[in-house]
Amino acid sequence: MARLQQEAAARGLDAEIRGRRLQEIAGEVLEMAHAGLERRDRRDEAGRDESRFLHDLEWIAESGVTPAERLLADYERRWERSVDPVFDEYCY
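A quick note: this is a predicted structure, and the numbers were derived from the prediction, not measured. (Residues numbered from 1 in each chain as written. Predicted model: local features only at pLDDT ≥ 70, side-chain atom pairs only at ≥ 80, totals over all residues. Heavy atoms only, no water.)

Enquirer: Explain the packing of aromatic side chains to me, and be specific about the residues and the numbers.
Expert: Centre distance and the angle of the planes are the two values used to describe a pair of aromatic rings. A full pass over the atoms with the stated rule returns 1 aromatic pair. When the centroid spacing of 6.2 Å and the interplanar angle of 80 degrees are considered together, the rings of Trp79 and Tyr90 count as edge-to-face. Within this pair, whereas Trp79 is found in the loop between helix 4 (67–76) and helix 5 (84–89), its partner Tyr90 is found in the segment after helix 5, the two being separated by 11 residues in sequence. Judged by relative accessible area, Trp79 falls into the buried class, the value being 9%. (Phe/Tyr/Trp six-rings, centres within 6.5 Å; stacked < 30°, edge-to-face > 60°. Helix = DSSP H or I, 4+ residues; strand = E, 2+ residues; numbered from the N terminus. Buried < 20%, exposed > 50% of the residue type's maximum accessible area, 1.4 Å probe, protein only.)

Enquirer: Any chance you could break down the pattern of salt bridges for me, citing the residues and the numbers?
Expert: Applying the stated criterion to the full structure yields 12 salt bridges. The partner of Arg20 in a salt bridge is Glu24, with the nearest N and O atoms 3.2 Å apart. Accessibility expressed as a relative area gives 28% for Arg20, which makes it partly exposed. We classify Glu24 as partly exposed; its relative accessible area is 42%. Note that Arg52 is salt-bridged to Asp44, the shortest N-O span being 3.4 Å. (Salt bridge = Lys/Arg side-chain N within 4 Å of Asp/Glu carboxyl O.)

Enquirer: How would you summarise unusual backbone geometry if you had to cite specific residues and measurements?
Expert: Positive phi, normally seen in glycine, also occurs at Asp41, with a value near 60 degrees. One can find Asp41 in the loop between helix 2 (22–40) and helix 3 (55–63). Exposure remark for Asp41: the relative accessible area of 43% places this residue in the partly exposed category. Positive phi outside glycine occurs at Glu80, with the angle close to 50 degrees. Note on placement: Glu80 falls in the loop between helix 4 and helix 5.

Now the structure itself:
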């Protein structure tokens, strides 16, 4: 498990364990979580179940692009190696 932790830190969802990519495993785990939250059937005032909270994670698992990789790509390309735009684009 420690090896996977090190590899995931270095390779993100491209890390492998027992011949399987972490991206594939993440997708399977999220499918189970999604199904479980749908079965739980807790709904908000708009009638949406809690599985909606998984949407961002599902996008990451499908695309294989982590938030850190998106930030690095923006830093290298759009922001021309400046960190200043991160404070405008990622403030809460």
